[in-house]
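Spelled out from the first residue to the last, the chains are:
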Amino acid sequence: MAVAATLAVLLPLAGLAAPAQAVTGGMVRTATASAGTTGVPTGTTLKVHNGDLNITKAGTVISGLDIRGLVKINAINVTIKNSIIRGRSVSAPAALVNNLGGRSGLKIIDSELYPSKPSPDINGIYGYNFTLTRVDIHGVIDGVHVTGSNVTIANSWLHGNLHYTSDPNQGGKPSHDDSIQIQKGSNIKVYGSTLSGSHNAGVQITQDTGDVSSFSFTGNFADGGACTINVAQKSYGPIYGAVVTDNKFGRNTKVANCAIISPSTTKISTARNYYTPDSKTVTVHAG
């Protein structure tokens, strides 16, 4: 950690753990992901595992572990459930769970990703071909860093990002922390989840390394960032198949009333998105 770096861990704002509900056509659409519905179930007995885990056997199931190291996925159809992943000290950008190889069938269920050694280098999960269900991710720079296709984030709680006013990975400028960052990929779904506490964006679509398409964001509560959902086309052109519907958005953004910002050439299908607490309809800012 750079001496000049000042750590400011954003905690969820009051009321975010139980987001307000939006009632539409007699149906209640809301994200209920919170401390009480995500992470390791109450009463679960955990066994401490000291050191990194490199999972190489297909179909491996990890359950009931308190992992004091990093996890690397090198096999298909791995399941991690009812566990805490705390990581360790790192000296270069790393993730608590690494699936950069895109091993298919990775599932993380009823678990918590929270580093015991905070650092500008530590992130939640990197990669693609994975599903997160009722996962609590906090205390990292980027909660979820998507580098390919087939990612689902369901009923999960991404909050309390690490943020440094002087981040060595940003040349001494502030951290660019996101709840979810998407570099490329298709078939990316986020639903029933609560996102808060990021400085840059709740969802940042960068297209840094390739096309992004078929992105859906439905039934969530999201807040924070300069704008909460930030779409950047860069050199790859418009994003096709983007759907943002039935969400509630907070107003804690650096840019006023900026739940969604996107270039006009990317056409986002939007419906029934509202601000809380005033239930004003969300519109897309041209960016």
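Preceding this paragraph is the structure being described.
Before going into details, it helps to say that this report is about the structure given with it. In this text, all values refer to a predicted model and were calculated from it rather than measured experimentally.

Here we look at the sheet that holds strand β26 (residues 242–245)
Right, so step 1: Across the sheet, which stays open at both edges, the nine strands sit in the order β5-β8-β11-β14-β17-β20-β23-β26-β29 with parallel pairing between neighbours. Both outer strands of the open sheet, β5 (61–63) and β29 (268–271), are each paired with one neighbouring strand and no more. For this sheet the average axis-to-axis angle between neighbouring strands, irrespective of direction, equals 5 degrees.
Right, so step 2: Relative to strand β11 (residues 106–109), strand β8 (residues 79–81) runs parallel, the two sharing three bridges. Each residue of the ladder has a partner; that of K81, found in β11, is I109.

A word on the sheet that holds strand β7 (residues 71–73)
Right, so step 1: With respect to topology, ten strands assemble into an open sheet ordered β4-β7-β10-β13-β16-β19-β22-β25-β28-β31, the strand pairing being parallel. Looking at strand neighbours, the two that pair on one side only are β4 (53–55) and β31 (284–286), the edges of this open sheet. Adjacent strand axes in the sheet meet at a mean angle of 15 degrees, parallel and antiparallel pairs treated alike.
Right, so step 2: Sheet topology places β4 next to β7; three bridges connect them, and they run parallel. Its bridge partner being in β7, L53 is matched across the sheet by V71.

Some details on the pairing of strand β22 (residues 201–205)
Right, so step 1: Among the five residues of β22, five are classified as buried, and the element is accordingly described as predominantly covered.
Right, so step 2: Relative to β22, strand β19 (residues 178–182) runs parallel, the two being bridged by four bridges. Each residue of the ladder has a partner; that of Q181, found in β22, is Q204.
Right, so step 3: When β22 meets strand β25 (residues 229–231), the two strands line up parallel, connected through three bridges. Along β25, the bridge assignment pairs I205 with V231.

As for unusual backbone geometry
Right, so step 1: Looking along the chain, the bond that leaves T276 and enters P277 is cis, with omega of 10 degrees.
Right, so step 2: Residue placement: P277 occurs in the loop between β30 (274–275) and β31.
Right, so step 3: With a phi angle near 60 degrees, S279 is a residue other than glycine that sits in the positive phi range.

Considering the packing of aromatic side chains
Right, so step 1: As enumerated under the stated definition, the model contains two aromatic pairs in all.
Right, so step 2: Ring geometry for F217 and F249: centres 6.4 Å apart, planes at 25 degrees, overall stacked. With a gap of 32 residues between them, F217 in strand β23 (residues 212–218) and F249 in strand β27 (residues 248–249) connect regions that are remote in the sequence. No difference in accessibility class separates F217 from F249, as the two residues are buried.
Right, so step 3: Here a set of aromatic residues connected by ring pairs shows up, and it is made of F215, F217 and F249.
Right, so step 4: Lying across the ring of Y275, R251 places its NZ or CZ 4.0 Å from the centre.

Concerning the pairing of β26
Right, so step 1: Relative to β26, β23 runs parallel, the two sharing three bridges. Counted as the bridge partner of F217 is V244 from β26.
Right, so step 2: Sheet topology places β26 next to β29; four bridges connect them, and they run parallel. Its bridge partner lying in β29, A242 is registered against I268.

What about the layout of surface pockets?
Right, so step 1: One number sums up the size of the largest pocket: a volume of about 210 Å³.
Right, so step 2: Lining of the largest pocket is provided by 17 residues; of these, N123, I141, D142, Q170 and H176 occupy positions nearest its centre.
Right, so step 3: The set of elements that each furnish at least two residues to the lining of the largest pocket consists of β13 (122–127) and β19.
Right, so step 4: Each residue belonging to the lining of the largest pocket can be placed in one class, and the counts come to four nonpolar, nine polar and four charged.

Here is what the cut-offs are and how they apply
Residues numbered from 1 in each chain as written. Predicted model: local features only at pLDDT ≥ 70, side-chain atom pairs only at ≥ 80, totals over all residues. Heavy atoms only, no water. Pairing = 2+ DSSP bridges. Helix = DSSP H or I, 4+ residues; strand = E, 2+ residues; numbered from the N terminus. Axes fitted to C-alpha atoms, helices over the stretch in contact; angles between N-to-C directions. Buried < 20%, exposed > 50% of the residue type's maximum accessible area, 1.4 Å probe, protein only. Phe/Tyr/Trp six-rings, centres within 6.5 Å; stacked < 30°, edge-to-face > 60°. Lys NZ or Arg CZ within 6 Å of the ring centre and 35° of its normal. 1 Å grid on protein atoms, 1.4 Å probe; cavity = no way out; pocket = protein on both sides within 12 Å on 5 of 7 lines; lining within 4 Å. Points joined across faces, edges and corners; volume = space filled by probe spheres on them. Nonpolar A, V, L, I, M, F, W, Y, C, P; charged D, E, K, R; others polar.

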